[in-house]
Amino acid sequence: QIQMVESGGDLVQAGDSLRLSCTFSGINAADFARGWFRQAPGKEREGISCLAFHSGNTVYQESVEGRFTISRDDAKNTIYLQMNNLKPEDTAMYYCAAITRLDCRGSWWDHRAGGWGPGTQVTVSS
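Treat the numbers as computed from the prediction; the structure is a model and nothing was measured. (Residues numbered from 1 in each chain as written. Predicted model: local features only at pLDDT ≥ 70, side-chain atom pairs only at ≥ 80, totals over all residues. Heavy atoms only, no water.)

1. Observations concerning the overall build of the protein chain
- Scanning the protein chain from terminus to terminus reveals 0 helices and 11 strands.
- Computed over the C-alpha atoms, the radius of gyration of the protein chain is 13 Å, within 12% of the 14 Å expected from 2.2 N^0.38 for a compact globule of 126 residues.
- Considering only C-alpha atoms, the protein chain reaches an extent of 40 × 30 × 25 Å along its principal axes.
- Within the protein chain, the proportion of its 126 residues that are buried is 44%.
- Pairs at least 24 residues apart make up 60% of the contacts formed inside the protein chain by residues separated by at least 6 positions.
- In the structure as shown, the protein chain presents an accessible area of about 6,300 Å², 45% of it carried by carbon and sulfur atoms.
- Of the charged side chains in the protein chain, 12 are positive and 14 negative, and the gap between their average positions amounts to 2 Å. (Helix = DSSP H or I, 4+ residues; strand = E, 2+ residues; numbered from the N terminus. Rg over C-alpha atoms; globule rule 2.2 N^0.38 Å. Buried < 20%, exposed > 50% of the residue type's maximum accessible area, 1.4 Å probe, protein only. Contact = heavy atoms within 4.5 Å. Areas by Shrake-Rupley, 256 points an atom, 1.4 Å probe, with all protein chains shown as cover. Lys, Arg positive; Asp, Glu negative; His and termini not counted. Charge placed at Lys NZ, Arg CZ, Asp CG, Glu CD.)

2. Considering the packing of aromatic side chains
- The full count for this structure, using the stated rule, is 4 aromatic pairs.
- Between the aromatic rings of phenylalanine 37 and tryptophan 116, the centroid separation amounts to 5.0 Å while the plane-to-plane angle is 80 degrees, which identifies the pairing as edge-to-face. Of this pair, phenylalanine 37 sits in strand E4 (residues 33-39) while tryptophan 116 sits in the loop between strand E10 (112-113) and strand E11 (120-125), and the two are 79 residues apart along the sequence.
- Residue tryptophan 116 is classed as partly exposed on the basis of its relative accessible area, which comes to 30%.
- Ring geometry for tryptophan 108 versus tryptophan 109: centroids 5.7 Å apart, planes at 75 degrees, classification edge-to-face.
- Tryptophan 109 gets classed as partly exposed once you look at its relative accessible area, which sits at 40%.
- Following the ring pairs from residue to residue traces out a cluster consisting of Phe37, Tyr95, Trp108, Trp109 and Trp116.
- Just above the ring of phenylalanine 24 sits the side chain of arginine 34; from NZ or CZ to the centre is 4.4 Å.
- A cation over a ring is seen here: arginine 45 above tyrosine 95, with NZ or CZ 4.2 Å from the ring centre. (Phe/Tyr/Trp six-rings, centres within 6.5 Å; stacked < 30°, edge-to-face > 60°. Lys NZ or Arg CZ within 6 Å of the ring centre and 35° of its normal.)

So, to be careful, I would describe these as geometric facts and stop short of saying anything about function.
Here is the structure:
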């Protein structure tokens, strides 16, 4: 059973940085890509970044590209999301997921394995 726990969310000011962490259990690290999602109040959950395991290829949603960086620590079965120059519109609950589309191509956000973790709240004040 795939499980994940997100952490690192906080209340910050616009322009600040945060690093989110997500630790997986119940999966073989090499069998999945890894993704970050977020859900703002009143909006649908959206995929914002994906990391292909074998190639290391990364994909970002346009709204976060250049500000967010996804990375991983295979020894800890953990991925990270470094978020710089945060904006109020980044306010959301952030989630991670195992992705079955291993190369993160196309609609990778529609190819998840397992459920959702508890998420971690990021709030950016202006």
